[in-house]
Amino acid sequence: MKRLTKALLIIIGILLILTGGFFLTLEFNVLPFADWLRSVFSINAVAAQYTMIFLNGFTVFTGLIITLIGIFKRRKLSEVKFQRQLGEVSLPVAAVEKDLQYRLVNGAAVEQPKVSLKVFNKQAKADVKIQAVAAQEENYQQIGDQILSITEKYLHDSLSFEIGKQQIEVQPITERSGKARVV
């Protein structure tokens, strides 16, 4: 989870706990908090009204946002299912990623490719993120184009998927120093 998302969830959670605690304190007459809140609100009725409007508005707004996220957020799949003549075939996304890694090592001039696929429900699309190290000092743009064409062909031919978002990162080969280590 990203830091910003985590921070926002923590803030929203704290505000919802405070809002719920405020309403429960008033409803169940929890002493001494309920008496203190009533005394504060009896002194300044305008502040009490604005506090209630803010807390109720925040609760409604939070509920609306969470509902919209639940409705419109794309669901990421952990396995790909498709119908063939002999029945339904189910493949884990990790297996597809591993197979694509082998194809990239054999088809493009790269070493140690890291493939990450995000397959979404009922869209026949996959977001692709590939990080690889160039095996030779060549034109990195050309290597990136090779990786993209191999990925597009593989996903289209084998799974009938199209590529949605794509992020391909080709890093230059670094000098290897020291002796080889056998584990």
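In this text, all values refer to a predicted model and were calculated from it rather than measured experimentally.

Take a positive patch on the surface next. Taken together, the side chains of Lys 2, Lys 73, Lys 76, Lys 118, Lys 129 and Lys 165 present a region of like positive charge at the surface. Tracing the chain through its elements places Lys 2 in the segment before α1 (3-28).

A few words on the environment of Lys 165. Summarising the element assignment, Lys 165 is placed in strand β6 (residues 162-171). Residues Lys 165 and Asp 127, 38 residues apart in the sequence, show an inter-C-alpha distance of 4.7 Å. Apart from the residues lying within four places of it in its own chain, the contact partners of Lys 165 are Ala 126, Asp 127 and Val 128.

Okay, the side chain of Asp 127 next. With respect to the helices, strands and loops of the structure, Asp 127 is situated in strand β5 (residues 125-134). The exposure class of Asp 127 is buried, given its relative accessible area of 11%. A polar contact of 3.0 Å, which involves the side chain of Asp 127, links it to the backbone nitrogen of Lys 165. Aside from chain neighbours lying at most four places away, what touches Asp 127 is Arg 74, Ser 116, Leu 117, Lys 118, Phe 120, Gly 164 and Lys 165.

Of the pairings in the sheet, the one linking β5 to β6 comprises eight bridges and is parallel in character. Considered in β6, the bridge of Lys 129 is made with Gln 167. Following the chain from β5 across helix α5 (residues 140-159) to the adjacent parallel β6, one finds a crossover that is right-handed.

Once that is clear, we can look at the confidence of the model for the protein chain. Residues with a pLDDT of 70 or more make up 92% of the protein chain, whose mean pLDDT is 80. Mean pLDDT per element in the protein chain: strand β1 (residues 76-77) is the minimum at 73, and helix α4 (residues 93-107) is the maximum at 88.

Among the nonpolar cores identified, the biggest contains 26 residues, and Leu 104, Ile 147 and Leu 155 are the most heavily contacted of them. Within the residue set of this core, elements represented by two or more residues are β2 (79-84), α4, β4 (110-120), β5, α5 and β6. A per-element tally of this core places α5 first, with seven residues. When sequence neighbours within four positions are dropped, the list of residues in contact with Leu 104 reads Val 110, Pro 113, Val 115, Ile 130, Ile 147, Ile 150 and Thr 151.

Conventions used here
- Residues numbered from 1 in each chain as written.
- Predicted model: local features only at pLDDT ≥ 70, side-chain atom pairs only at ≥ 80, totals over all residues.
- Heavy atoms only, no water.
- Patch = residues over 30% accessible without salt bridge, like charges linked within 9 Å, V, L, I, M, F, W, Y side chains within 5 Å.
- Areas by Shrake-Rupley, 256 points an atom, 1.4 Å probe, with all protein chains shown as cover.
- Salt bridge = Lys/Arg side-chain N within 4 Å of Asp/Glu carboxyl O.
- Lys, Arg positive; Asp, Glu negative; His and termini not counted.
- Charge placed at Lys NZ, Arg CZ, Asp CG, Glu CD.
- Helix = DSSP H or I, 4+ residues; strand = E, 2+ residues; numbered from the N terminus.
- Contact = heavy atoms within 4.5 Å.
- Buried < 20%, exposed > 50% of the residue type's maximum accessible area, 1.4 Å probe, protein only.
- Polar contact = N/O pair within 3.5 Å; in protein donor to acceptor, adjacent residues only side chain to side chain.
- Pairing = 2+ DSSP bridges.
- Right-handed = clockwise from strand over helix to strand, strands pointing away.
- pLDDT = per-residue confidence, 0-100.
- Core = buried A, V, L, I, M, F, W, Y, C linked by side-chain atoms within 4.5 Å.

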